[in-house]
Structures are given as structure tokens and as C-alpha cells.
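# Structural features, examined
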Amino acid sequence: MALDDLMVSRAIIDEYSNSLKDSLDVDVAIVGGGPAGLTAGYYLCKAGYKVSMYERKLSLGGGMWGGGIMFNKIVFQEESLPVMKEFGVDIKKYTDNYYVTDSVQMVGALVYHTAKAGLKVFNLMSVEDVKVTADNSICGLVINWTSVEMGGLHVDPITIGAKYVIDATGHACEVANIILKRIGKVLYTQSGDIMGEGSMNAEVAESLVEQNSREIYKNLFVTGMAANAIYGSKRMGPIFGGMILSGRKIANDLIVKLKQEPVLVK
Ligand code: 48F
């Protein structure tokens, strides 16, 4: 059969535009496609919610590809085994409570299962601001192409609506920083500010990351390394169990909230 180059262009433009239009109003918008954001997206989509993800880079996976010092192996602990098994990766028990998988396989599995569950992914897209209601509750995101950001070009962004937003931007906790800049020290921390990440202690950091994964401002939730940075916990380095447990925790919290919403009868 003959191939028409213009049909290829048309298919790309139509399908991407439809996807973007369909994601103008979502239940949950996730900023950042690292392990925590992807896991949160997986469980939310599996529960039937409409979820979109914005990732600045070309590829999803965040800090997971490089394992530790570019040795592409992922270490995780016993507690996170059920989530690892859910993604179907090959797991090797190294010794009691230490399990290892391949980081490339893990990123692939997370991306595949999350996309198949229905997550709408917009890569090469950076979140530069939040959309707020009159009382400054978060109700969406302001997005623009990463290439615009990189080029320092003066091109206006577009806005999407979301009932809830998740900051899954890792060490930089970028959405929380936007709140500080635009609204002030209003985060649900002791000082209202980002408390800042402490030095390495995997035991402490991993034990706190799930409990730090929660609402940090009106309709804004946090997961992953950003949660520990915001609440002043330590860093954990190249162990990834806490990231996926944190993603699952925030998804479960939001599922509870979304279920409580009244169903509008048309
Ligand atoms: O950094 P990242 O992997 O965050 P995470 O899911 O996992 C942390 C671990 O990788 C590791 C660790 C624990 O073992 O300490 O660092 O918490 O993924 C964050 C993603 O967010 C993207 C960024 O490119 C990365 O892929 N990101 C950050 N800011 C923005 C963004 C933004 N403003 N807009 C879009 N994407």
C-alpha cells in the first residue's frame, strides 16, 4: 500500500491534539515522571481516575535510570516487594531485606504499566506555575514546552484544570517552590516554608517518606523525594522502595478524597 507523508503528519497532530484537549480537565495532575510520580499515576489510573503527567525531560524515569553512580541496579527493601511484584520485574534477593532489580527494566515496567492503566503523559512539558481559585486553592497547572523554557523564549503558556495536583518533582520540589514564590510561606510545615533536605541516612529517610507524602497546601499533594525535602527529612540515596511506597500512599489518599466527592446528577 502507498504511504502518504502528510497522512503521517496528520495522524500525529490529530492524535496528540485530541490527547491534550482531553486532558484539559483532570482529576489529578502529576508534575514529574520519576518513580514516585509514576507509581502514584499507576494506582490512580487503576482506580479509574483521569490523570495526566507533565515531565520536563524527553524520558520518564527521573533518577531511577542510573541506579547508584551509574551502576544501573535498583535496591529496595522487603516492605516494597508487593509493589515491585505488581510491576512484574525480575527480582533477586541479595540478602535479608535487600532486593535488587535492573533499573532499565524497572523504568520500562513502570512506564508501560502506568501508560496501559490510562495515564496521559506529556513529556517535554514543564510546569511553570499553578492555577488558583479566588481563595488561592490550587485548581490546575500552567504548562509550556521545555524547549521554550530552555530557549528562554517569550512564549505564553497554556493552562489545564485539575481537582488535585501532585508535586513529584524530586529534590527540587518545584511546585512547592512556586507556591512560596507566588502565595508565600503557606505550606503545611511548621514554618510554612520548605524545611530542606538533610544529609544521607537511608534508614531514617525511608521510614519517613511515606508519612511525609501528604497534602502540603490546599489541593496540592507531595510524593517522593520532594516530600522529604519539604518536611526536612534526610535523603536516602540509591534505594528506591520508599519512592514507590510513597507514590502508592499518595494515590490511596487521593482515591479516598475523590471517592468522597459528591456525584453530580445531570
Ligand atoms: O527526581 P525524580 O526521580 O523524583 P522522585 O520520583 O525520585 C527520587 C529518586 O529518583 C532519587 C532519590 C531516591 O532514591 O533520591 O533522587 O521523587 O523525578 C522527578 C522528575 O520531575 C521532573 C524531573 O525532570 C524528573 O524527571 N520535573 C522536575 N520539575 C519539573 C519536572 C517541572 N517543573 N515540570 C515538569 N517536570
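Below is a summary of the structure that appears in this document. Values in this document were obtained by computation on a predicted structure and should not be read as measured data. (Residues numbered from 1 in each chain as written. Predicted model: local features only at pLDDT ≥ 70, side-chain atom pairs only at ≥ 80, totals over all residues. Heavy atoms only, no water.)

### Notes on the pairing of strand β2 (residues 51-55)
Threshold: Categorising residues by exposure relies on relative accessible area from a 1.4 Å probe, with only protein chains included: less than 20% of the type maximum marks a residue as buried, more than 50% marks it as exposed, and the intermediate range marks it as partly exposed. Strands are runs of DSSP state E lasting at least two residues, helices are runs of H or I lasting at least four, and both sets are numbered from the N terminus onward. Pairing between strands requires that DSSP locate at least two bridges from one strand to the other. Seen with its strands pointing away from the viewer, a crossover is right-handed when the path leading from the first strand over the helix to the second is clockwise.
Burial runs high along β2: five of the five residues are buried. Here β2 shows a buried face lined by Val51, Met53 and Glu55 and a second buried face lined by Ser52 and Tyr54. Two strands pair when backbone bridges link them, and strand β1 (residues 25-31) and β2 are joined in this way by four bridges, in the parallel orientation. In the sheet register, isoleucine 30 faces β2, and the bridge partner there is methionine 53. For the crossover that starts at β1, traverses helix α2 (residues 35-46) and ends in the parallel β2, the hand is right-handed. In this sheet, strand β6 (residues 120-123) lies alongside β2 in parallel orientation, the contact comprising four bridges. Each residue of the ladder has a partner; that of tyrosine 54, found in β6, is phenylalanine 122.

### Quick look at the packing of aromatic side chains
Formally: Side-chain rings of Phe, Tyr and Trp (the six-membered ring for Trp) are treated as a pair once their centres are within 6.5 Å; stacked means planes under 30 degrees apart, edge-to-face means over 60, and tilted covers the remaining angles.
This structure, assessed with the given rule, holds eight aromatic pairs. Arranged with centres 5.9 Å apart and planes meeting at 20 degrees, the rings of phenylalanine 76 and tyrosine 99 form a pair that is stacked. Linking phenylalanine 76 in strand β3 (residues 73-76) with tyrosine 99 in strand β5 (residues 98-102), this pair joins segments that are 23 residues apart in sequence. Look at tyrosine 188 and tyrosine 217: their rings are 6.3 Å apart centre to centre, the planes differ by 50 degrees, and that puts the pair in the tilted class. You can see tyrosine 188 sitting in the loop between α6 (174-182) and β10 (198-200) and its partner tyrosine 217 sitting in strand β11 (residues 215-217), a full 29 residues away along the chain. Residue tyrosine 188 is classed as partly exposed on the basis of its relative accessible area, which comes to 39%.

### A look at helix α1 (residues 5-22)
Here is the rule we go by: The span you would expect from a helix comes to 1.5 Å times its residue count less one. Within 3.5 Å is the distance limit for a polar contact, defined as a pair of N or O atoms, with the added protein rule that one can donate a hydrogen and the other accept it, and that residues adjacent in sequence qualify only through two side-chain atoms.
Spanning 18 residues, α1 covers 26 Å between terminal C-alpha atoms, matching the ideal 26 Å at 1.5 Å per step. One side-chain oxygen at the N-terminal end of α1 lies 2.8 Å from the backbone nitrogen of leucine 6; it belongs to aspartate 4.

### Side note on the layout of surface pockets
Quick reminder of the rule: Only protein atoms enter the 1 Å grid used here. Points where a 1.4 Å probe fits but cannot escape make up a cavity, open sets with protein on both sides within 12 Å along at least five of seven lines make up a pocket, and a residue lines them when an atom lies within 4 Å of a point. Grid points are joined across faces, edges and corners, and a volume is the space filled by probe spheres set on the points. Here the nonpolar group is Ala, Val, Leu, Ile, Met, Phe, Trp, Tyr, Cys and Pro; Asp, Glu, Lys and Arg are the charged ones; every other residue, Gly included, is treated as polar.
A volume near 730 Å³ is recorded for the largest pocket. Forming the walls of the largest pocket are 37 residues, and the residues nearest its centre are Gly62, Gly63, Thr169, Gly170 and His171. For the lining of the largest pocket, the secondary-structure elements that each account for two or more residues are α2, β2, β7 (125-132) and α6. Grouping the amino acids of the lining of the largest pocket by side-chain chemistry returns 17 nonpolar, 15 polar and five charged. Approximately 210 Å³ is the volume attributed to the second largest pocket. In this structure, the second largest pocket is lined by Gln77, Glu79, Asn97, Tyr98, Ala202, Glu203, Glu206, Ser207 and Ile239. Here the lining of the second largest pocket is composed, by residue class, of three nonpolar, three polar and three charged.

### Here we look at the side chain of aspartate 129
Definition in use: Throughout, a contact is declared for two residues whenever any of their heavy atoms are within 4.5 Å.
Mapped onto the elements of the fold, aspartate 129 is located in strand β7. A polar side-chain atom of aspartate 129 sits 2.9 Å from a polar atom in the side chain of arginine 182. If we skip the residues at most four places from it in the chain, aspartate 129 touches Leu141, Val142, Ile178 and Arg182.

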